[in-house]
Amino acid sequence: MNYPQKNWNTFQKRVLTVTTIFTRSWQVRKAFIFGVFFSFFAILSACEDPKEIGSNVFVQDIGLLYTDTLKVDASTVLLDSIATYSTGNLLVGRFTDPVLGDVNAVSYFQISNLTADTIRSNVDTAGRSNVKWITYPSKNDSIRLILPYSFVQGDTLQDQSFKLYQLASSASLDPAIVYYNNSAAPALNPTPIGQLNNVKIRPIRDKRVISGTAGKFDSLRIPITEPSFVKFLESQRDIAKSEALVGTGFKGVVKGLALVSESNKNAAVVGFSAGAVQMKLYYHYKYTYTVRNTANTADSLVTVDTTKSNNFYIAITNADGTNFNARFNKITAARTGTTLSKLAKPADILKSSEANNQVFLQSGTGVAMKVQFPNLLKLKERNDIAINKAELVLEPKSNTAGYTLPSDLILVEATPTNKPLRTTTTGEGNFVFVTGEGTISSYASRTNLYTFNITSSLQNIIAGRGKNNGWIITPTLFSTNSSTGTRGPALGKSVINPDITRAIFDHSNIKLKVYYTYVAR
């Protein structure tokens, strides 16, 4: 009797023994019998001599390894222009970052009423007969620019002074143009049309806000009093008509506005929600009209005395999705005397060894990080390997009070000259994202980490399908797909977050974690 046959007979005897013991519990006995049967069958099958098929795999050395000691070169780089047109926030103010230097922001924007180049007075006399005006709305009671806060970077305890200017007649803003943080500033009329001096900014939640404002933050309210500007708005009403008082060619005269802070440079840059900003023009009117009584025998005199307002907006889009108004933030950074003073022009690079073992990010000013993996290919010097999982982990230092960490970071392919790789070699093509599972990393406050899943990206480099020129890491914007509702990195030239956030990393806390399988050659 051969060995397998002998074991099979023994197995049958054991099954019979088990059957006898469990005669009082058939359901349990049945499950147990089949479980024992299949378990023993698997064991007996495994006892057979190995077959020739597949044996060549096992004569090689196979292993699963983990490493977090691969070298990561990390440097700070200066990117080229950051697109700040049609962004979600108006940025205004100035502050001095104790590490990164001075930052100053000015916002330029157009305003209009609804989706046309007009203003309307909304006087409702429809269906009323014998209207006699007592006070016609040819005069404005007041005008306010209302700006709901969205965020702040810097010291909120410092007083701020804001001035609102009208663009000069020779200036222009075009909604079809892509404006950048370093675009030329349009010329301004010398006299502000409104101002608010020495106020405390209050970026806190408050119930006294514009209806529908996201986040329900308090608002800054700037009175507009410059006589010629107020007179122009009044002149846009056609006082010969009693119902729809309309003025056309509005943006032909009001080319745009600029909001400027004249505060101390150690104050703050304030963000205002562009979609909720309103210029409110308040006016009142009073008139009488007659109405017939229910018996149709006499007329009664009714007096209407009420207050209305026009709303002007700065974040309007046309029906086809194109911008109707133009706006952008001009952001200026001065780094003289700071660690980053070496970063003067795009593609300049500062190694961590030159910056006290630190690397830096600052959105809106173009300060980004570049990482490279110079020893990555050593993993396959003596072995064929496959990356099972790879993560790039960054732990930021605690921010100074008043500064905010970026909520999301993105990986962009780099060129050998320390610039973001673009889809075209000439002009301003779109950025090329690092492909893979984790193009974006969101900040995890619980662990104080940004973690990128770069498994397939690293495998492509190992396999020779991807270049190892390094990656640029920068704060990013999300956009929402209107058809699917999914969120992802913004496309085109707007991928870099134009708001002002910052992060500082110790080089020693930037880790490349790799789990990989190797087969010795």
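Residues numbered from 1 in each chain as written. Predicted model: local features only at pLDDT ≥ 70, side-chain atom pairs only at ≥ 80, totals over all residues. Heavy atoms only, no water.

Of all 6 residues in strand β13 (residues 268–273), 6 are buried, a share of seventy percent or more. Both faces of β13 are covered, namely the face carrying Ala-268, Val-270 and Phe-272 and the face carrying Val-269, Gly-271 and Ser-273. Sheet analysis places strand β3 (residues 89–97) next to β13, joined by 5 bridges and oriented antiparallel. The partner of Gly-93 across the bridge, within β13, is Val-269. (Buried < 20%, exposed > 50% of the residue type's maximum accessible area, 1.4 Å probe, protein only. Helix = DSSP H or I, 4+ residues; strand = E, 2+ residues; numbered from the N terminus. Pairing = 2+ DSSP bridges.)

The next subject is empty space enclosed by the protein. Using the criterion set out here, one finds 1 cavity of 30 Å³ or more in the structure. A volume near 30 Å³ is recorded for the largest cavity. What lines the largest cavity is simply Leu-78, Leu-79, Asp-80, Pro-346, Ala-347, Asn-418, Lys-419 and Pro-420. Grouping the constituent residues of the lining of the largest cavity by class yields 5 nonpolar, 1 polar and 2 charged. (1 Å grid on protein atoms, 1.4 Å probe; cavity = no way out; pocket = protein on both sides within 12 Å on 5 of 7 lines; lining within 4 Å. Points joined across faces, edges and corners; volume = space filled by probe spheres on them. Nonpolar A, V, L, I, M, F, W, Y, C, P; charged D, E, K, R; others polar.)

For the chain, per-residue confidence averages 79 on the pLDDT scale, and residues scoring 70 or more make up 77% of the total. In this model residues 1–59 is a low-confidence stretch, pLDDT under 50, and it forms 21 contacts with partners more than four residues away in sequence or in other chains. (pLDDT = per-residue confidence, 0-100. Contact = heavy atoms within 4.5 Å.)

A word on the environment of Thr-225. Locating Thr-225 in the fold gives a position in the loop between β10 (219–223) and α3 (227–235). Thr-225 sits 32 residues away from Ile-193 along the chain, and the two C-alpha atoms are 6.0 Å apart. Those residues within four positions of Thr-225 in sequence are excluded, and the remaining contacts are Ile-193 and Val-230.

With that out of the way, let us pick up unusual backbone geometry. Positive phi, normally seen in glycine, also occurs at Ser-86, with a value near 50°. Among the secondary structure elements, Ser-86 is positioned in the loop between β2 (73–78) and β3. Not every positive phi belongs to a glycine, and Asn-357 is a case in point at roughly 65°. Positionally, Asn-357 belongs in the loop between β17 (349–351) and β18 (358–362).

Of all 6 residues in strand β21 (residues 408–413), 6 are buried; the element is thus mostly enclosed. Alternating positions in β21 separate into two faces, Asp-408, Ile-410 and Val-412 on one and Leu-409, Leu-411 and Glu-413 on the other, with burial throughout. Bridging between β21 and strand β22 (residues 440–442) involves 3 bridges; their strand directions are antiparallel. Within β22, the residue paired with Asp-408 across the bridge is Ser-442. Where β21 lies against strand β24 (residues 471–475), 5 bridges are found, and the strand directions are antiparallel. Considered in β24, the bridge of Leu-411 is made with Ile-473.

Moving on, we come to the environment of Ser-235. If you trace the backbone, Ser-235 turns up in helix α3. What makes Ser-235 partly exposed here is its relative accessible area of 48%. Separated by 97 residues in the primary sequence, Ser-235 and Ser-138 place their C-alpha atoms 7.7 Å from one another.

Within this structure, the stated rule accounts for 14 aromatic pairs. Joined through ring pairs, the aromatic side chains of Trp-133, Tyr-283, Tyr-285, Tyr-287 and Tyr-289 make up one cluster. Note that Arg-422 overlies the ring of Phe-431, its terminal NZ or CZ placed 4.5 Å from the centroid. In this structure, Arg-502 is placed above the aromatic ring of Tyr-403, and the distance from its NZ or CZ to the ring centre is 4.8 Å. (Phe/Tyr/Trp six-rings, centres within 6.5 Å; stacked < 30°, edge-to-face > 60°. Lys NZ or Arg CZ within 6 Å of the ring centre and 35° of its normal.)

Moving on: the pattern of salt bridges. Applying the stated criterion across every chain, the model contains 8 salt bridges. Note that Asp-97 is salt-bridged to Arg-502, the shortest N-O span being 2.8 Å. In this pair, Asp-97 sits in strand β3 while Arg-502 sits in strand β27 (residues 502–520), placing the two residues 405 residues apart along the sequence. Overall, the relative accessible area of 2% leaves Asp-97 in the buried class. (Salt bridge = Lys/Arg side-chain N within 4 Å of Asp/Glu carboxyl O.)

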